[in-house]
Amino acid sequence: MTPENEFQSNPPEAFRLSKLWDIYIPITIAAVPAGIFALLGLVTEGLDKPGAQPSTWVIVTMIALQPLGIIAMAFVILMRFEFGLQQLSHRTNGHPPVWRKLVLMLSIMCILLFDILTNVAAAFAGAGPLLVLAIPAFVAYLLCIRLAFARL
């Protein structure tokens, strides 16, 4: 058997969750917008009281922090979706079934929900319990990723 034939007879490596791409990066990058929104919550603290007058620096800081948080959140979602589509296309020789694409999209919706819940929990006083709801959203994301790449 020549080395070329031996290489062709080996099946491709089975899909496994990547600790880096599927767990560490989404949690770390979700922490960035959550931190930005937590900072926004600190900056705007006390502005909900009657007669509160925001200073100019508070308004400028709010204007700067909101787009940064939104961009960071969008970056997480788009990068994970792009990486997932590339990986799915590669493992299916460029022809992924529709159901795999739909499950991948569902996983992206779950990571988006996770990101939104962590951001709201960080930004608003009293919204901390939303972190408890973020955990099942992240677990659903991991399960959907696993399902989208099942037996590949």
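The present account deals with the structure reproduced in this document.

Reading the values: the criteria
- Residues numbered from 1 in each chain as written.
- Predicted model: local features only at pLDDT ≥ 70, side-chain atom pairs only at ≥ 80, totals over all residues.
- Heavy atoms only, no water.
- Helix = DSSP H or I, 4+ residues; strand = E, 2+ residues; numbered from the N terminus.
- Buried < 20%, exposed > 50% of the residue type's maximum accessible area, 1.4 Å probe, protein only.
- Expected span 1.5 Å × (residues − 1).
- Core = buried A, V, L, I, M, F, W, Y, C linked by side-chain atoms within 4.5 Å.
- Patch = residues over 30% accessible without salt bridge, like charges linked within 9 Å, V, L, I, M, F, W, Y side chains within 5 Å.
- Areas by Shrake-Rupley, 256 points an atom, 1.4 Å probe, with all protein chains shown as cover.
- Salt bridge = Lys/Arg side-chain N within 4 Å of Asp/Glu carboxyl O.
- Axes fitted to C-alpha atoms, helices over the stretch in contact; angles between N-to-C directions.
- Parallel < 35°, antiparallel > 145°, perpendicular 65-115°, else oblique.
- Left-handed = near helix turned anticlockwise from the far one by under 90°.
- Contact = heavy atoms within 4.5 Å.
- Nonpolar A, V, L, I, M, F, W, Y, C, P; charged D, E, K, R; others polar.

Observations regarding the environment of alanine 64
- Mapping alanine 64 onto the fold places it in helix H3 (residues 56–91).
- For alanine 64, a relative accessible area of 41% puts it in the partly exposed group.
- Counting along the chain gives 24 residues from alanine 64 to leucine 40, while the straight-line C-alpha distance between them is 9.5 Å.

Comments concerning H3
- Along its 36 residues, H3 runs 53 Å from first to last C-alpha, staying within 8% of the 52 Å computed at 1.5 Å per residue.
- After H3 finishes, the residue asparagine 93 shows a positive phi value of roughly 55 degrees.

As for the nonpolar core
- Counting residues in hydrophobic clusters, the biggest one holds 21 residues, and the most contacted among them are Leu104, Ile111, Phe114, Phe138, Tyr141 and Phe149.
- Those elements giving two or more residues to this core turn out to be H3, helix H4 (98–123) and helix H5 (130–148).

Details of a nonpolar patch on the surface
- A surface patch of nonpolar side chains, amounting to about 270 Å² of accessible area, comprises Met105, Leu106 and Met109.
- Leucine 106 sits in the partly exposed class, given a relative accessible area of 42%.

A short note on the packing of H3 against H4
- Packing of H3 against H4 brings their axes to within 10 Å, and their N-to-C directions diverge by 160 degrees. The orientation of H3 with respect to H4, classified from their angle, is roughly antiparallel. Note on packing geometry: the crossing formed by H3 with H4 is right-handed. Between H3 and H4, the residues in contact are Met73, Val76, Ile77, Arg80, Phe81, Gly84, Leu85 and Leu88 and Arg100, Lys101, Leu104, Met105, Ile108, Ile111, Leu112, Asp115, Ile116 and Asn119, respectively.

A word on the packing of H4 against H5
- Running from N to C, H4 and H5 point in directions that differ by 160 degrees, and their axes come no closer than 8 Å. It follows that H4 is roughly antiparallel to H5 by the angle criterion. Two packed elements cross with a definite hand, and for H4 against H5 that hand is left-handed.
- For the contact of H4 with H5, the class distribution of residues is 23 nonpolar, two polar and one charged.

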